[in-house]
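Structure assessment
One letter stands for each residue in the lines below.
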Amino acid sequence: MFWKLNKTLPIHAFLVVVILGFSVWIIYILDRLLDNQKVDNHPTERHIFHQQNALVLWYFIGLLMLICSILVFYLPANIIIFGIIITLFTGIYLLVVSKISYKNNLQHYKEPITSFVYVSAVFGTTILHNPHIISLIIGFIFLLIVFQNLLLFSLMEFKKNTNYYNLAEYFGIKKSNNVIIFITFLIVILGYYSLHFSASNYQNNVVIIEILMSIFLLVINLFDNYFLVNDRYRWVGDSIFLLPLLIIL
């Protein structure tokens, strides 16, 4: 979706998307595997799954890293440099969270740091080719959506288990609810501004999709009793990232 904000699609766009997809998967799995090594960890169903399949997942990570290591040689220099910076930042983050206690206050920064790293990679690689003000606003809106998604998940996990130690536990239920509502309100305001000054129909479509993504997350939060059943919030909450297919296809 973000690559198509460019008037002409760079020839390396597909490779970047492939490497990004694998990299996100690698980081996600690594994060779970490192969490499981902490003695004071409170495992979720996802953590238990990763614990039971740890050996297979380590081999899987190795395979994905091998593929990425080969494909990276076909990328332009500016993307590689940008990737190295993100890799160093992510590596430091993974190292720190693997060493500190599960109840350390630094754990509260996990959601905002994860949001920043993810959006930097997914959106940052495209903005190198299209540093337009509307594109920057679109990227900032996406950052808000990703954080809203992670905060919502933290809130739902905390509602299921009040012993869970995360950002929602730090904020409290009321403040977390207010932040989720405020983010949707802010996205609608920024979206209106973007639609008013946008220079292309495609940019408008992206903004509309982003507004819908945030509204879906807000609906999950407002009807939490329904979405807490069988972790529906996770399936629906992550499925919002498939909405861009509507304008890609």
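To start, this report covers the structure provided alongside it. (Residues numbered from 1 in each chain as written. Predicted model: local features only at pLDDT ≥ 70, side-chain atom pairs only at ≥ 80, totals over all residues. Heavy atoms only, no water.)

**As for the overall build of the protein chain**
Broken down by element type, the protein chain carries twelve helices and zero strands. Taken from N to C terminus, the helices and strands of the protein chain fall in the order α-α-α-α-α-α-α-α-α-α-α-α. A globule of 249 residues ought to have a C-alpha radius of gyration of about 18 Å, and the protein chain, at 19 Å, matches this closely. A principal-axis box enclosing the C-alpha atoms of the protein chain has dimensions of 50 × 45 × 30 Å. Taking all 249 residues of the protein chain together, 47% fall into the buried category. Looking at the protein chain alone, contacts between residues at least 24 apart form 74% of all its contacts between residues at least 6 apart. With an accessible surface of roughly 13,700 Å², the protein chain has 71% of that area assigned to carbon and sulfur atoms. When the 14 positive and 11 negative side-chain charges of the protein chain are each reduced to one mean point, those points stand 3 Å apart. (Helix = DSSP H or I, 4+ residues; strand = E, 2+ residues; numbered from the N terminus. Rg over C-alpha atoms; globule rule 2.2 N^0.38 Å. Buried < 20%, exposed > 50% of the residue type's maximum accessible area, 1.4 Å probe, protein only. Contact = heavy atoms within 4.5 Å. Areas by Shrake-Rupley, 256 points an atom, 1.4 Å probe, with all protein chains shown as cover. Lys, Arg positive; Asp, Glu negative; His and termini not counted. Charge placed at Lys NZ, Arg CZ, Asp CG, Glu CD.)

**Regarding the packing of helix α1 (residues 13-35) against helix α4 (residues 77-99)**
A pair of packed helices can be characterised by two numbers: the angle between their axes and the separation between those axes. α4 packs onto α1 with a crossing angle of 10° between their chain directions and a minimal axis gap of 11 Å. Taken as axis vectors, α1 and α4 run roughly parallel relative to one another. In contact with V16, I27, L30, D31 and L34 of α1, α4 contributes I79, T90, Y93, L94, V97 and S98. For the contact of α1 with α4, the class distribution of residues is eight nonpolar, two polar and one charged. (Axes fitted to C-alpha atoms, helices over the stretch in contact; angles between N-to-C directions. Parallel < 35°, antiparallel > 145°, perpendicular 65-115°, else oblique. Nonpolar A, V, L, I, M, F, W, Y, C, P; charged D, E, K, R; others polar.)

**Some words on a nonpolar patch on the surface**
Together, L63, L66, I67, I70, F73 and Y74 give the surface a local cluster of nonpolar side chains, amounting to about 670 Å² of exposed area. Here Y74 lies in the loop between α3 (54-71) and α4. (Patch = residues over 30% accessible without salt bridge, like charges linked within 9 Å, V, L, I, M, F, W, Y side chains within 5 Å. Salt bridge = Lys/Arg side-chain N within 4 Å of Asp/Glu carboxyl O.)

**Topic: the pattern of salt bridges**
Tallied over the entire structure, the rule returns three salt bridges. Across the pair E157 and R234 runs a salt bridge whose closest N-O atoms are separated by 2.8 Å. Here E157 is found in helix α6 (residues 133-160), whereas its partner R234 is found in helix α11 (residues 232-239), with 77 residues between them in sequence. A residue is classified by how much of its surface remains accessible, and E157, at 12% relative accessible area, is buried. With its nearest N and O atoms 2.6 Å apart, the salt bridge here joins D224 to K159. Here D224, found in helix α10 (residues 224-227), pairs with K159, found in helix α6; they are 65 residues apart in sequence, far enough to count as distant. A relative accessible area of 23% places K159 in the partly exposed class.

**Some words on the environment of S120**
Locating S120 in the fold gives a position in helix α5 (residues 110-127). On the basis of relative accessibility, which here comes to 16%, the residue S120 falls in the buried class. Sequence separation of S120 and F82 is 38 residues, and the distance between their C-alpha atoms is 9.3 Å. Residues contacting S120, with those up to four places away along its chain left out, are F82, I86 and T125. From its side chain, S120 meets the backbone oxygen of F116 in a polar contact 2.6 Å long. (Polar contact = N/O pair within 3.5 Å; in protein donor to acceptor, adjacent residues only side chain to side chain.)

**Observations regarding α11**
Every buried residue belonging to α11 is among Y233, R234 and G237, and all of these are buried. For α11, the buried positions fall inside an angular range of 95° around the axis, keeping them on one side. (Arc of directions from axis to C-beta.)

Everything listed is a geometric property; what it means functionally is a separate question.
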